[in-house]
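Analysis of the macromolecular model
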Amino acid sequence: DLSDNIISSTELNALCFLTKLKTLKLNNLTYIQPGSSLAITFANITRHLNDLTRLEIRNNVLPIEFSINFIRALSSKNTLTALDLSEAGIDPEEIFELSDITSLEHLSLSHNQMSSDIIDLLGESFSENPNFKSLIMANTLEQCEPLIPLTKIKSLTELDLSRNTL
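For the structure given in this document, a descriptive report is provided here.

1. Here we look at the overall build of the protein
Looking only at helices and strands, the protein features 5 helices and 8 strands. Along the protein, from the amino end to the carboxyl end, the secondary structure elements read β-α-β-β-α-β-α-β-α-β-α-β-β. Accessible surface, the protein as shown: approximately 8000 Å² in total, 51% of it carbon and sulfur.

This is the structure:
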């Protein structure tokens, strides 16, 4: 857990040596050297974390495109089962990228302000993933259209839409 820290690329690179790491929490981080060196660091981490199953990238100063590229790279290993992007400022279009993570069981998007289009996108994106079981979207929707598109996700067993305008 590296949450609530001011951290440099050098310190993040140390994660490369923790090859058996299963959980990584990068919540509320401030990065000393954002930019290209950070992108290289995330690429290095991705190459070495072969057993990672749980990733949290909540409430970060980091531009979300770095987080999404990191997640996309990790998804190629197909071990990631839980992903928490609460308060990450994620854009709905980036959700579609997450559908490639076929091992994903749990996704939290809480406290991201999104339009109701996200419901259609989620229904479409995860309808083919038999492992996807849990979707947490507390305090996420500015207003909500019908929830019917979520019924396409046949494997869904947990849905949290608390603190939304439905």
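2. Description of the sheet that holds strand E7 (residues 134-136)
Taking strand neighbours across the sheet as the criterion, the 6 strands line up as E2-E4-E5-E6-E7-E8 in an open arrangement whose pairing is parallel. A strand with exactly one partner marks an edge of an open sheet, and here the two such strands are strand E2 (23-25) and strand E8 (158-160). Going from strand to strand, the sheet's axes swing by 5 degrees on average, the running direction of each strand aside. As paired strands, strand E5 (residues 82-84) and strand E6 (residues 106-108) are joined by 3 bridges and run parallel to one another.

3. Topic: the nonpolar core
Within soluble globular proteins, side chains that are nonpolar generally end up buried alongside one another. The biggest cluster of nonpolar side chains holds 40 residues, and the ones touching the most others in it are Leu 98, Leu 107 and Leu 122. By residue number, the principal contributor to this core is helix H5 (residues 117-126), which donates 4 residues.

4. Considering the side chain of Thr 140
As for its position among the elements, Thr 140 is in the loop between E7 and E8. Ignoring any residue separated from it by four or fewer positions in sequence, one finds Thr 140 in contact with Leu 109, Ser 110, His 111, Asn 112, Gln 113, Met 114 and Asn 164.

5. Some details on the packing of aromatic side chains
What the rule picks out here adds up to 1 aromatic pair. When the ring of Phe 126 is compared with that of Phe 132, the centres are 4.2 Å apart and the planes differ by 15 degrees; the resulting orientation is stacked. Each member of the pair, Phe 126 together with Phe 132, is buried.

Criteria and thresholds
- Residues numbered from 1 in each chain as written.
- Predicted model: local features only at pLDDT ≥ 70, side-chain atom pairs only at ≥ 80, totals over all residues.
- Heavy atoms only, no water.
- Helix = DSSP H or I, 4+ residues; strand = E, 2+ residues; numbered from the N terminus.
- Areas by Shrake-Rupley, 256 points an atom, 1.4 Å probe, with all protein chains shown as cover.
- Pairing = 2+ DSSP bridges.
- Axes fitted to C-alpha atoms, helices over the stretch in contact; angles between N-to-C directions.
- Core = buried A, V, L, I, M, F, W, Y, C linked by side-chain atoms within 4.5 Å.
- Buried < 20%, exposed > 50% of the residue type's maximum accessible area, 1.4 Å probe, protein only.
- Contact = heavy atoms within 4.5 Å.
- Phe/Tyr/Trp six-rings, centres within 6.5 Å; stacked < 30°, edge-to-face > 60°.

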